[in-house]
Amino acid sequence: MEYKIYSNIVQKKALRKVQSETLALISDTLANSFGPDGQNTAYRRQKDIARYTKDGHTILKNINFRGTIEFSIRDDLEAITRRIITTVGDGTTSAIILSYCIFEGLCHASERHHINEKKLVADLNEAIKKASDIIMTKAIEPTLENIRKVALISTDNNEFVANLIEDIYRDFGNDVFIDVTAANGVETYTREYDGYSIQSGLADIAFINTDKHTCEIHNPYLYLFEDPIDTEEMIGYFAKIIKDNVVDPVNENRVGDIKPTVIVCPKIGRDIESDVDALVRQMAALSVQDRKKFPINIVTNINDANYINDLSYLSGATLIRKYNDIAIQTADYKIAKALTPENVHSYAGRCDICVTDSAKTKFINPALMYGADGELTDLYKNHLKDMEENLKGLRENNASTTDIGLLKRRINAYKANMVEIFVGGISETDRDSLRDLVEDAVLNCRSAASEGIGFGANFEAFRAFNYLLAEDTKDMSELEIKSIANGEKYNIYQLICNAYVSLLAILYSSAADGDMNKAIAITNTGITKGCPYNIRTQKYDGAVLSSIKSDPIILDAIGKIIGVVFLTNQFFVSSAEFNIYQDMIEEENNV
């Protein structure tokens, strides 16, 4: 009897087979709901009603596997594509189908052309960077008409939602912060709030405490550091605030002493990173819902301290700043005017709610924005008037467009409002399905209003890679170009273009009556026409629009997925007895 060693090791050949089949299955599953003609996927969790969705990330989260490797791949895909849904809304399906096609292409290149796998991934990442840079040069300024088109594409041509979002941007401008929540009844309606926004998002995903992937702190104490927290003195204030307000009361079960806290600072220095990491680890160990019992948020990486200064006007916070002159600090200590750990809590400001997502933080109804009569305070109006006078002066003196643009954005942030869309429905299932569409549209419109607008349907990336391929092969002979096109010779741009053709052929298959050759022709004609095919109008009409950041964000996710999956060449399952993969290659060889 032949002796055989059993272990928990899954070697490369078996791993590659599992990776390929898992990515293929997930891609095929998501493709069923892809594009405007895709259909709903139904899923049901234990003790819950059946739910219906076309949202790629929701579908992905509800796929389960028996095997350890398959489940790990699914988990990695979910984690990596989370940035897509929190930044531009839609794009999970595109990212995963493209990742599968590129993975297969890289495996083929490695085996047929004997190219080092790390070089292949390096080539991919370089190509992604070049394409992303090209895409961002194509951005056009957002207009109301184009914002509406973005909303239409994001909602599968839902006129009601597109009109609702267009009206909000018309009334409040491009810096409006739109949030989406569930309504209790049938009707969908909006509610408006006043506030202030800073272009700085979540410091870490461990601070997320809602199912909308945001950190939401109600009635917080706001501590505004004007300078980086990088000296012993500033670190002491930071530690005192967190310890007194949240950490000690939570750990000692003194619920009544917990003070919801938001710390805002330009930067956190290296000397305090370990303290922040400890806080993050404590938060990460909690469920999203339990984090509400640990109400803290840190807003950092703010390049312009003027935003922090503006927030101090609105919230009533006194700026926590460093002393540059020891003599002044000593004099302040003598008259009990200086900041100390004992009086740091008196420096806090207030607002009704602080909401942070991946890109922005919104402070709703800061304490000094409105007076008791419900009117804007003189303090608010005078500070706004000063900034607007300053802007007028910059324009009259022909200041640089950069300086004028920075001040305009600051003024818009100061005046910004928040609008909450409450999504209703005749049933919970009906409401949640519509809510998925609205959330995607809101996120993509927010990104479009901030970053600019480009063509949707993965067109910008496809066009960029076609350009890079043409540039890379322009000095080659027809024979060389043909050998690249048919796969006899490796070229990273051709490999990626092939992946996009496969993706877009799926998208246009319904318009081509299932004829994949015709679908590919529709795809390639878009490059000639300069815009993607609109399935709704059956024209190349330039109306398929999206945030210009959509494709770069998807490409970033693809780079990370390939980096994780393709550069893994063995897998250790938990124990040898659970290694269901060990005999896989041997059985395949015996067939």
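Here, the structure is the one placed above.
Since the model is a prediction, treat every value here as computed from it, not as a measurement.

A.B. asks: Any details on helix H12 (residues 378-396)? Residues and values, ideally.
C.D. replies: Helix length check: H12 (19 residues) gives 26 Å between terminal C-alpha atoms against 27 Å at 1.5 Å per residue, within 8%. By the burial criterion, the buried members of H12 are Tyr380, His383, Leu384, Met387 and Leu391. Down the axis of H12, the smallest arc covering the buried residues is 100 degrees, so these residues share one side. Projecting away from the buried face of H12 at angles above 90 degrees are the exposed residues Asp378, Lys385, Asp386 and Glu396. Looking at the buried positions of H12, the neighbouring elements they touch are helix H10 (305-315) and helix H13 (401-415). At the C-terminal side of H12, Asn398 shows a positive phi close to 55 degrees.

A.B. asks: Describe in detail the environment of Asp378, supporting the description with residues and values.
C.D. replies: Tracing the backbone shows Asp378 in helix H12. A C-alpha to C-alpha distance of 26 Å links Asp378 and Ile263, two positions 115 residues apart in sequence.

A.B. asks: Requested: an account of the layout of surface pockets, with residues and values cited.
C.D. replies: Put simply, the largest pocket is a space of about 1,400 Å³. In terms of lining residues, the largest pocket is bounded by 47 residues, among which Gln199, Ala359, Lys360, Ser450 and Glu451 are the most central. Mapped by element, the contributors of at least two residues to the lining of the largest pocket are helix H3 (68-87), strand E5 (189-198), H13, helix H14 (428-451) and helix H19 (550-565). Tallying contributions element by element places H3 first for the lining of the largest pocket, with 7 residues.

A.B. asks: Please set out the environment of Lys489 residue by residue, giving values where relevant.
C.D. replies: For Lys489, the location among the structural elements is in the loop between helix H16 (478-485) and helix H17 (492-507). As a C-alpha pair, Lys489 and Arg16 span 473 residues in sequence and 23 Å in three-dimensional space. Lys489 has contacts with His113, Glu480, Ser483 and Ile484, leaving out every residue within four places of it along the chain. At 3.5 Å, the side chain of Lys489 forms a polar contact with the side chain of Glu480.

A.B. asks: Explain the packing of helix H5 (residues 117-136) against helix H15 (residues 459-473) to me, using residue names and the numbers behind them.
C.D. replies: Their axes nearest at 9 Å, the elements H5 and H15 cross at an angle of 115 degrees. Classified by chirality, the crossing of H15 by H5 is right-handed. Together, Ala127, Ile128, Lys130, Ala131, Ile134 and Ile135 of H5 and Glu460, Ala461, Ala464, Phe465, Tyr467 and Leu468 of H15 make up the contact between the two elements. Of the residues in the contact of H5 with H15, the class split is 10 nonpolar, no polar and 2 charged.

A.B. asks: Give me the lowdown on the packing of aromatic side chains, citing residues and values where you can.
C.D. replies: As enumerated under the stated definition, the model contains 9 aromatic pairs in all. Ring centres 4.7 Å apart and planes at 10 degrees place the aromatic pair Tyr380 and Tyr414 in the stacked group. With Tyr380 in helix H12 and Tyr414 in helix H13, this residue pair connects regions lying 34 residues apart in the sequence. This pair shows no difference in class: Tyr380 is buried, exactly as Tyr414 is. Taking NZ or CZ as reference, Arg74 lies 4.8 Å from the ring centre of Phe71, over its face. Here Arg350 stacks its cationic end above the ring of Tyr221, 3.8 Å away from the centre of that ring.

A.B. asks: Give me the lowdown on the packing of helix H4 (residues 92-113) against H19, citing residues and values where you can.
C.D. replies: Two numbers describe how H4 lies on H19: the axes approach to 9 Å, and their chain directions differ by 45 degrees. Judged by the angle between their axes, H4 and H19 are oblique. The handedness of the crossing between H4 and H19 comes out as right-handed. Counting all contacts with H4, which are made through Ser94, Ala95, Leu98, Ser99, Ile102, Phe103 and Leu106, the residues of H19 involved are Ile554, Ala557, Ile558, Ile561, Ile562 and Val565. When the residues that make up the contact of H4 with H19 are grouped by side-chain class, the tally is 11 nonpolar, 2 polar and no charged.

A.B. asks: Would you mind going over the environment of Ala139 in detail, with residue names and values included?
C.D. replies: Its place among the elements puts Ala139 in the loop between H5 and helix H6 (144-154). Assessed through its relative accessible area of 32%, Ala139 is described here as partly exposed.

A.B. asks: Before we move on, can you summarise the pairing of strand E9 (residues 296-299) with the specific residues and values?
C.D. replies: Within a regular strand, the side chains alternate between the two sheet faces. Neither face of E9 is open: one carries Ile296 and Ile298, the other Asn297 and Val299, and all of them are buried. In this structure, strand E8 (residues 261-264) lies alongside E9, joined through 4 bridges in parallel fashion. The residue bridging Thr261 from the neighbouring strand is Ile296, located in E9.

A.B. asks: Which residues make up empty space enclosed by the protein, and what values go with them?
C.D. replies: Applying the stated criterion to the full structure yields 1 cavity of 30 Å³ or more. Taken as a whole, the largest cavity encloses approximately 50 Å³ of empty space. Lining the largest cavity are Ala457, Phe459, Phe462, Leu504, Tyr508, Ile522, Thr523, Gly526, Cys531, Pro532 and Tyr533. Contributing elements (two or more residues each) for the lining of the largest cavity: H15 and helix H18 (516-529). Taken together, the residues of the lining of the largest cavity sort by class into 9 nonpolar, 2 polar and no charged.

What counts and what doesn't
- Residues numbered from 1 in each chain as written.
- Predicted model: local features only at pLDDT ≥ 70, side-chain atom pairs only at ≥ 80, totals over all residues.
- Heavy atoms only, no water.
- Helix = DSSP H or I, 4+ residues; strand = E, 2+ residues; numbered from the N terminus.
- Expected span 1.5 Å × (residues − 1).
- Buried < 20%, exposed > 50% of the residue type's maximum accessible area, 1.4 Å probe, protein only.
- Arc of directions from axis to C-beta.
- Contact = heavy atoms within 4.5 Å.
- 1 Å grid on protein atoms, 1.4 Å probe; cavity = no way out; pocket = protein on both sides within 12 Å on 5 of 7 lines; lining within 4 Å.
- Points joined across faces, edges and corners; volume = space filled by probe spheres on them.
- Polar contact = N/O pair within 3.5 Å; in protein donor to acceptor, adjacent residues only side chain to side chain.
- Axes fitted to C-alpha atoms, helices over the stretch in contact; angles between N-to-C directions.
- Left-handed = near helix turned anticlockwise from the far one by under 90°.
- Nonpolar A, V, L, I, M, F, W, Y, C, P; charged D, E, K, R; others polar.
- Phe/Tyr/Trp six-rings, centres within 6.5 Å; stacked < 30°, edge-to-face > 60°.
- Lys NZ or Arg CZ within 6 Å of the ring centre and 35° of its normal.
- Parallel < 35°, antiparallel > 145°, perpendicular 65-115°, else oblique.
- Pairing = 2+ DSSP bridges.

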